[in-house]
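This is what each chain is made of:
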Amino acid sequence: MEGGRAHRYELTAQVLLLGLALIGTSSSPAAVHAPVATPWTDRVGSPHFEGSLVPRSAVVPGVASISVGINPVSAAYDAADGFVYVTNQGSGNVSVIQNTTIVDSIQVGTNPNFAVYDARDGEVYVSSGFGTDLGRVSVLEGTSLVATIRVGGHPGFLSYDGGNGFVYESDSGTPGEDAAVNVIDGTTVVGSATPGGGPSFSVYDAENGYVYVTSLASDNVTVFNGTTVVASVAVATGNSFSPGPLAYDPANGYVYVPNGLSPDLTVLNGTTVVDRLPLGGEPSSATYDGANGEVYVTVGGAGDSVLVFNGTTEVGSAAAGSAPVDSIYDPVDGDVYVVNRASGNVTLLNGTRVVGSACVGEFPDYPTFDGGNGYVYVPGYDSSTVSAIGAPGSGCTVGFSQVGLAAGIPWSVRLGEENESSMGYTMAFTEPAGTYPYLVVPPSSYVVAPGSGTVEVNGSGLEVYLTFDRAYTATFAEAGLPSGTGWSVTVGEPGEPSLGPPVSGTGSILFANLTNGTYSFEVSSVTGYAASPYGGTLTVNGNDTTEEISFHSTRTAASGISLPLEDELLIGWIVAAGAAGTILFAYRRRRSPAPPPAIETSSGLANRPPPPR
């Protein structure tokens, strides 16, 4: 009896151990693996980068960028030798350009302003001088300085009278000196007048032979016939003039005077005011289009537009860039080129339709047209370049500027199919028209915003501003998962679902680069396991930080429901105990004595007597 009971206990223990063993085989034992780093280089994640140039339908002509002197302000074309002359205020010289090549540089004095071509003599006149440097007009022929003409203290705009061959120089004067208009014939001042108010822009009227000179500080236009002042015509009121370049319309003989701050346009016929047209903005220049016989008036301020006039009737308008300052007519293609100072580009108009745009240097100024090659030359005051529109060129500048990285720390950008690196604060690409994706690659231990995006190049330079922040490593270390099991953590900020794609991998360590701050995190579910903690917050404060994650095994029931480990163990014990009871019952049944055979009596069947004990 005692031996049988011991045997039963031994058998039950074996069954229980078998049940526990079966439970144990429902998952592999936990293991700690070698670390596998999964970097997260950007707070917004590392986006998939693809795509290339997407062409646009707008016409964007080729533009050649030509480096000249410092702060170029105006240009003039010499039809005799085919040169373009560019006045460089900052370096006191004139750059002489043929096509896209600098052929010479001529020193002319302090602060050269404007230049004009004298078709009679084949010479170019350049005004310069300011302050203690006495004003002068330099006479250039080809690449030579042939004469210097002394004038007032602050010479400015120049215009040429095709009837008598005179050059008119507007001199705004200096304190204590009267402003004057000097009339030059060849290399001699043959006349002078002092209209007052700081003479400024002027234009020649071929119909009556008059020259019209505006003033900066008065509301009048002074009208010259040769060296004689024939009239002073009031064109604005309230000393709010600030005029821009004028236009002469040979079809009707009108002269158009943009009144700047007034803000309106005065139309003159001879010495008579034909009309004053309100514009709703500040006119900065007027240009005559020889193809359609219309006048284009650039309007800045809230409008930033071009208004088109036929006589005194507005016949249309077109959008311009930011702060249009001047325009010029191209007789080759019949387009009007509008120079937009603030947006650093040129808008091309045909009639009232915008047909394209072109990138030019920063803060563009007064252009000229080269009748020999058909290029339009636009000085870029802040870039110290001249843009030759129509020449073979590469496109517009897309710049990237950063804050947060000290000089000497490398960073890089991929724009379209091009890569550039920098150890400074800026970098630049030159691209034709199109839409380009970009991706910023920060240095190790830094994050950047924005880390990616797109830019659209359409005849205007662009600048993308980047902010780099010092980043620290947030490490998530797990224990309890079998080797090779994938898991992930989503990192977010309070009130935000996430900062980017989950940090994921198959190693025991994942990490994210985070700047200082408090973040939420959540561990994604792994089939058959429960994470502890499954989420929470972490704080980065000038140091790396570590969060330890423990995974506990669960077992998936037949219904597909995952149960906690404690419930799995309880069910395992119950199953094991049930199995042990069944085996014990079968064992006892096998050992019990069989009943005695039945015997037949006179009254029927009877049981056999029990065996002797």
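Residues numbered from 1 in each chain as written. Predicted model: local features only at pLDDT ≥ 70, side-chain atom pairs only at ≥ 80, totals over all residues. Heavy atoms only, no water.

Student: Would you explain the overall build of the protein chain in this entry?
Tutor: When you go through the protein chain residue by residue, the secondary structure sums to 2 helices and 52 strands. For the protein chain, buried positions account for 49% of its 613 residues. Expressed as a percentage of contacts within the protein chain between residues at least 6 apart in sequence, the contacts between residues at least 24 apart total 48%. Approximately 27,500 Å² of the protein chain is accessible, and the part contributed by carbon and sulfur atoms is 53%. (Helix = DSSP H or I, 4+ residues; strand = E, 2+ residues; numbered from the N terminus. Buried < 20%, exposed > 50% of the residue type's maximum accessible area, 1.4 Å probe, protein only. Contact = heavy atoms within 4.5 Å. Areas by Shrake-Rupley, 256 points an atom, 1.4 Å probe, with all protein chains shown as cover.)

Student: Can you help me understand the pairing of strand β8 (residues 133-141) in this one?
Tutor: Two faces make up the sheet, and in a regular strand the side chains alternate between them. The buried count for β8 comes to 7 of 9 residues, which makes it a mostly enclosed element. Note: strand β7 (residues 123-130) against β8, 6 bridges, orientation antiparallel. What sits directly across from Val 126, in β8, is Ser 138. Sheet analysis places β8 next to strand β9 (residues 144-150), joined by 6 bridges and oriented antiparallel. Looking at the pairing, Ser 138 lines up with Thr 148 of β9. Turn length for the β8-β9 hairpin, with the two strands adjacent in sequence and antiparallel, is 2 residues, and the turn residue Gly 142 shows positive phi of about 65 degrees. (Pairing = 2+ DSSP bridges.)

Student: Please clarify how the packing of aromatic side chains should be interpreted in this entry.
Tutor: For any pair of aromatic rings, geometry is given as the distance between the ring centres together with the angle between the planes. Counted by the stated rule, this structure contains 16 aromatic pairs. Both rings, one in Phe 114 and one in Phe 201, keep their centres 6.1 Å apart while their planes meet at 80 degrees; by these two values the pair is edge-to-face. Here Phe 114 is found in the loop between β5 (101-107) and β6 (115-118), whereas its partner Phe 201 is found in strand β14 (residues 199-204), with 87 residues between them in sequence. On the basis of relative accessibility, which here comes to 13%, the residue Phe 114 falls in the buried class. Residues Trp 487 and Phe 551 carry aromatic rings whose centres are separated by 5.9 Å and whose planes lie at 80 degrees to one another, so their mutual orientation is edge-to-face. (Phe/Tyr/Trp six-rings, centres within 6.5 Å; stacked < 30°, edge-to-face > 60°.)

Student: What is the right way to look at the environment of Ala 388 in this model?
Tutor: By the secondary structure assignment, Ala 388 is in strand β32 (residues 385-389). Under the relative-accessibility criterion, Ala 388 is labelled buried at 0%. The spacing of Ala 388 and Ser 65 is 323 residues in sequence and 6.5 Å in space, taken between C-alpha atoms. With near-sequence residues (within four places) excluded, Ala 388 lies in contact with Gly 62, Val 63, Ala 64, Ile 66, Thr 100, Tyr 375, Val 376 and Tyr 377.

Student: In this structure, what is going on with the pattern of salt bridges? I would like to understand it.
Tutor: Opposite charge on two side chains lets them pair, provided their charged atoms get close. A complete count under the given rule lists 5 salt bridges for this structure. One salt bridge in this structure joins Arg 276 and Asp 264, with 2.5 Å as the shortest N-O distance. With Arg 276 in strand β21 (residues 272-278) and Asp 264 in strand β20 (residues 264-269), the pair connects residues that are 12 residues apart, well separated along the chain. Take Arg 276: its relative accessible area is 30%, and that puts it in the partly exposed class. Residue classification places Asp 264 among the buried positions, given a relative accessible area of 9%. Three or more residues joined by partner-sharing salt bridges are found here, namely Arg 120, Asp 121 and Asp 185. (Salt bridge = Lys/Arg side-chain N within 4 Å of Asp/Glu carboxyl O.)

Student: How should the state of the cysteines be read in this particular structure?
Tutor: Where two cysteines share a covalent bond between their sulfur atoms, that bond is called a disulfide. The final tally for this structure, using the stated rule, is 1 disulfide. Disulfide pairing places Cys 359 opposite Cys 396 at an S-S distance of 1.6 Å. Negative torsions about the S-S bond denote left-handed disulfides, and the value of about 100 degrees found for Cys 359 with Cys 396 makes this one right-handed. Residue Cys 359 is found in strand β29 (residues 353-359), and its partner Cys 396 is found in strand β33 (residues 396-403); the two are separated by 37 residues along the sequence. (Disulfide = S-S within 2.5 Å.)

Student: Looking at this structure, how should I read unusual backbone geometry?
Tutor: In terms of backbone geometry, most residues other than glycine have negative phi values and most peptide bonds are trans. Cis peptide bonds are those with omega within 30 degrees of zero, and the linkage from Ala 449 to Pro 450 qualifies with -10 degrees. Even without glycine at this site, Asn 111 takes up a positive phi of about 55 degrees. With respect to the helices, strands and loops of the structure, Asn 111 is situated in the loop between β5 and β6. Judged by its relative accessible area of 17%, Asn 111 is buried. At Phe 363, a position not held by glycine, the phi torsion is positive, near 55 degrees. Residue position: Phe 363 is located in the loop between β29 and β30 (368-369).

Student: Explanation requested: the sheet that holds β14 in the structure shown.
Tutor: Within a sheet, each strand pairs with its neighbour through backbone hydrogen bonds, oriented either parallel or antiparallel. In space, the 4 strands of this open sheet follow the order β14-β15-β16-β17, with antiparallel pairing throughout. Of all strands in the sheet, those bounded by a partner on one side alone are β14 and β17 (228-234). Within the sheet, the average angular offset between the axes of one strand and its neighbour, ignoring direction, is 25 degrees. Of the strand pairs in this sheet, β14 and strand β15 (residues 211-215) are connected by 4 bridges, and their pairing is antiparallel. Bridged to Tyr 204 within β15 is Val 211. (Axes fitted to C-alpha atoms, helices over the stretch in contact; angles between N-to-C directions.)

Student: Can you help me understand the environment of Ser 105 in this one?
Tutor: Mapped onto the fold, Ser 105 is located in strand β5. Separated by 39 residues in the primary sequence, Ser 105 and Ser 144 have C-alpha atoms spaced 9.6 Å apart. Ser 105 has contacts with Asn 93 and Val 94, leaving out every residue within four places of it along the chain. A distance of 2.7 Å separates the side chain of Ser 105 from the side chain of Asn 93, its partner in a polar contact. (Polar contact = N/O pair within 3.5 Å; in protein donor to acceptor, adjacent residues only side chain to side chain.)

Student: I would appreciate a short explanation of the nonpolar core in the present structure.
Tutor: Residues Tyr 212, Val 255, Leu 268, Val 346 and Ile 389 are the most contacted members of the largest nonpolar core, which totals 31 residues. Excluding anything up to four places from it in sequence, Leu 268 contacts Tyr 212, Val 221, Val 233, Val 235, Gly 253, Tyr 254, Val 255, Val 257, Val 273 and Val 274. Core analysis: the next-biggest nonpolar cluster, separate from the first, contains 21 residues, Val 489, Ala 512, Val 523 and Leu 538 among them. (Core = buried A, V, L, I, M, F, W, Y, C linked by side-chain atoms within 4.5 Å.)

Student: In this structure, what is going on with the pairing of strand β34 (residues 411-415)? I would like to understand it.
Tutor: Burial runs high along β34: 4 of the 5 residues are buried. Here 5 bridges tie β34 to strand β35 (residues 418-422), and the two strands are oriented antiparallel to one another. By the bridge assignment for β35, Val 413 is matched with Glu 420. Connecting β34 to the next strand, β35, in antiparallel fashion are 2 residues, including Gly 416 with a positive phi near 60 degrees. Strand direction decides the pairing type here: β34 and strand β37 (residues 434-441), joined by 4 bridges, are antiparallel.

Student: Explain the sheet that holds strand β36 (residues 426-431) to me, please; I cannot follow it from the model alone.
Tutor: The strand order across the open sheet built from 4 strands is β36-β33-β40-β38, with neighbouring strands paired in mixed fashion. The sheet is open, and its two edges are formed by β36 and β38 (446-449), each paired on a single side. If you compare each strand with its neighbour and ignore which way they point, the axes differ by 25 degrees on average. With 6 bridges connecting them, β33 and β36 associate as antiparallel partners. When the bridges of β36 are listed, Phe 400 appears paired with Met 427.

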